[in-house]
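# Chain and residue survey
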Amino acid sequence: MSVVNKVCAVARLAGLAIAVAAAFVEIPYAAAILIILGFVSGLSYEPENRPAVLLAALVLVGLSGNLDAIPAVGTQLHAIFGNIGLAAVGASILIICRGLFDRIKDKDWVQSA
């Protein structure tokens, strides 16, 4: 396991811990921290896993609000899954940027004359 993969694993674990903790206590700048940790964890995703991360970000952020309907624990579940979604958004930002960079680097978007 390379150093980058270890750093990404730690970032993923820290993001999960902060996502759960932020549902119960006030953490200053929790959203920014989660997006940054997600961005770092996005370095380790292989190309075949990238669409799943993008979809997870959309689903978690978009649909986590529906968990409020569950009595007693819905609000906390909404916060937890919404926070995990923020980390996935950070990873998605990096995945999109890497995809753009790879296309520019490989010149797939430009035809040579």
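Attention in this report is confined to the structure presented alongside it. (Residues numbered from 1 in each chain as written. Predicted model: local features only at pLDDT ≥ 70, side-chain atom pairs only at ≥ 80, totals over all residues. Heavy atoms only, no water.)

### Topic: the overall build of the protein chain
What the protein chain contains, in helices and strands, is 4 helices and 0 strands. Counting the 113 residues in the protein chain, one finds 26% classified as buried. Put simply, 72% of the contacts in the protein chain that link residues at least 6 apart link residues at least 24 apart. Accessible surface computed for the protein chain: about 7400 Å², of which carbon and sulfur atoms make up 71%. With 7 positive and 7 negative side-chain charges, the protein chain shows a separation of 8 Å between the mean positions of the two kinds. (Helix = DSSP H or I, 4+ residues; strand = E, 2+ residues; numbered from the N terminus. Buried < 20%, exposed > 50% of the residue type's maximum accessible area, 1.4 Å probe, protein only. Contact = heavy atoms within 4.5 Å. Areas by Shrake-Rupley, 256 points an atom, 1.4 Å probe, with all protein chains shown as cover. Lys, Arg positive; Asp, Glu negative; His and termini not counted. Charge placed at Lys NZ, Arg CZ, Asp CG, Glu CD.)

### A short note on the side chain of R50
Its location among the elements puts R50 in helix α3 (residues 50-63). A polar contact is formed between the side chain of R50 and the backbone oxygen of Y45, at a distance of 3.5 Å. (Polar contact = N/O pair within 3.5 Å; in protein donor to acceptor, adjacent residues only side chain to side chain.)

### Focus: the packing of helix α1 (residues 3-21) against helix α2 (residues 30-41)
Where α1 contacts α2, the axes come no closer than 8 Å and their chain directions differ by 155°. Taken as axis vectors, α1 and α2 run roughly antiparallel relative to one another. When you trace α1 past α2, the crossing you get is left-handed. Where α1 approaches α2, its residues V7, C8, A11, R12, A14, G15, I18 and A19 are matched on the opposing element by I33, L34, L37, V40 and S41. (Axes fitted to C-alpha atoms, helices over the stretch in contact; angles between N-to-C directions. Parallel < 35°, antiparallel > 145°, perpendicular 65-115°, else oblique. Left-handed = near helix turned anticlockwise from the far one by under 90°.)

### So, the packing of α3 against helix α4 (residues 74-106)
At a minimum axis distance of 8 Å, the contact between α3 and α4 shows a crossing angle of 140°. Seen from above, α3 lies across α4 with left-handed handedness. Tallied by class, residues from the contact of α3 with α4 come to 13 nonpolar, 3 polar and 3 charged. (Nonpolar A, V, L, I, M, F, W, Y, C, P; charged D, E, K, R; others polar.)

### Some details on a nonpolar patch on the surface
Together, L16, V20, F24 and V25 make up a nonpolar patch on the protein surface, roughly 370 Å² of accessible area in all. With respect to the helices, strands and loops of the structure, V25 is situated in the loop between α1 and α2. (Patch = residues over 30% accessible without salt bridge, like charges linked within 9 Å, V, L, I, M, F, W, Y side chains within 5 Å. Salt bridge = Lys/Arg side-chain N within 4 Å of Asp/Glu carboxyl O.)

### What about α4?
Between its first and last C-alpha atoms α4 spans 46 Å; for 33 residues at 1.5 Å apiece the expected length is 48 Å, and the two agree. Of the positions making up α4, those classed as buried are G74, I80, G82, N83, G85, A87, A88, G90, A91, S92, L94 and I95. Next to the buried residues of α4 lie α1, α2 and α3. (Expected span 1.5 Å × (residues − 1).)

None of this, on its own, says anything about what the molecule does.
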